[in-house]
Amino acid sequence: MDENYEMRAIAPEVLKQLRITDDAGNPPRAVVEDEEGGNPMRCCLGRSRPYETIALVSYAPLRRWARETGATPGPYNEVGPVFIHLDECDGWTGPGIADGIRGRRRVLRAYTAEGNILGGRLLNDGEPTIEEGLAELYGDPRVAAVHVRAVEFGCFLAETRRA
């Protein structure tokens, strides 16, 4: 089945801004990773390497999307923490689903072009897969974007948009 969506990491021009001042108006907080690394990176949709220095910043995915598309997310305009590389990285080049966002428990949140939440889908231990969940949500023609989030902390992992 052809995908009717594309996966997106945080755009390079937005990353440049976030490395100076994040969406909460703060400078980034540098973090030296633990021995294991493995934190989800929103700039390249990969995982941090052991002992890698990364930045923890506040990010408002719906606010950023609204500025670009003219949507009005209203009460869904939330700000949350994300990890990004402190220096430029190669970013996400796709296609498909980035391995760095996969995990045991994920939630998909669907939004209309106007910025309203339309529904969601819980992914638990690979049932359904991210691909199956996205195909189900994008089966509704009203869905313009779907965010992939971690269940445990609710962290934003990636954005998909209707292609």
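It should be noted that the structure appears before, not after, this text.
First, a word on what this report is: a plain description of the structure on this page.

About the thresholds
- Residues numbered from 1 in each chain as written.
- Predicted model: local features only at pLDDT ≥ 70, side-chain atom pairs only at ≥ 80, totals over all residues.
- Heavy atoms only, no water.
- Helix = DSSP H or I, 4+ residues; strand = E, 2+ residues; numbered from the N terminus.
- Core = buried A, V, L, I, M, F, W, Y, C linked by side-chain atoms within 4.5 Å.
- Buried < 20%, exposed > 50% of the residue type's maximum accessible area, 1.4 Å probe, protein only.
- Contact = heavy atoms within 4.5 Å.
- 1 Å grid on protein atoms, 1.4 Å probe; cavity = no way out; pocket = protein on both sides within 12 Å on 5 of 7 lines; lining within 4 Å.
- Points joined across faces, edges and corners; volume = space filled by probe spheres on them.
- Nonpolar A, V, L, I, M, F, W, Y, C, P; charged D, E, K, R; others polar.

## Describing unusual backbone geometry
Piece 1. At the junction of Gly94 and Pro95, the peptide bond is cis and its omega measures out at 0° in the coordinates.
Piece 2. Here Pro95 is to be found in the loop between strand E4 (80-85) and strand E5 (105-112).
Piece 3. The peptide bond linking Glu127 to Pro128 adopts the cis configuration, its omega dihedral lying at -15°.

## Brief notes about the nonpolar core
When a protein is soluble and globular, its nonpolar side chains tend to lie buried together.
Piece 1. In this structure, Met7, Ile97, Ile101, Leu108, Leu134 and Val146 are the most contacted members of the largest nonpolar core, which totals 19 residues.
Piece 2. Among the secondary structure elements, those contributing two or more residues to this core are strand E1 (5-8), E5, helix H3 (130-138), strand E7 (143-150) and strand E8 (156-162).
Piece 3. Look past the residues within four positions of Val146 in its chain and what remains in contact with it is Leu108, Arg109, Ala110, Leu134, Leu137, Tyr138, Ala158, Glu159 and Thr160.
Piece 4. Core analysis: the second largest hydrophobic core is formed by 15 residues, Ala55, Val57, Val82 and Phe83 among them.

## A look at the side chain of His147
Piece 1. Tracing the backbone through its elements, the reader meets His147 in strand E7.
Piece 2. Those residues in contact with His147, other than ones at most four positions away along the chain, are Pro61, Leu62, Val107, Leu108, Arg109, Tyr111, Phe156, Ala158 and Glu159.

## Considerations on the layout of surface pockets
Piece 1. Considering only enclosed or pocket space, the largest pocket measures out at about 490 Å³ in volume.
Piece 2. At the level of secondary structure, the elements contributing two or more residues to the lining of the largest pocket comprise E1, helix H1 (12-18), helix H2 (61-69) and E8.
Piece 3. A breakdown of the residues in the lining of the largest pocket according to their chemical character gives 14 nonpolar, one polar and twelve charged.
Piece 4. Of the pockets and cavities examined, the second largest pocket occupies roughly 230 Å³.
Piece 5. Forming the boundary of the second largest pocket are 15 residues, of which Pro40, Ala150, Phe153, Cys155 and Leu157 lie nearest the centre.
Piece 6. At the level of secondary structure, the elements contributing two or more residues to the lining of the second largest pocket comprise E4 and E8.
Piece 7. Element by element, the count of residues in the lining of the second largest pocket is highest for E4, at three residues.
Piece 8. For the lining of the second largest pocket, the class distribution of residues is ten nonpolar, one polar and four charged.

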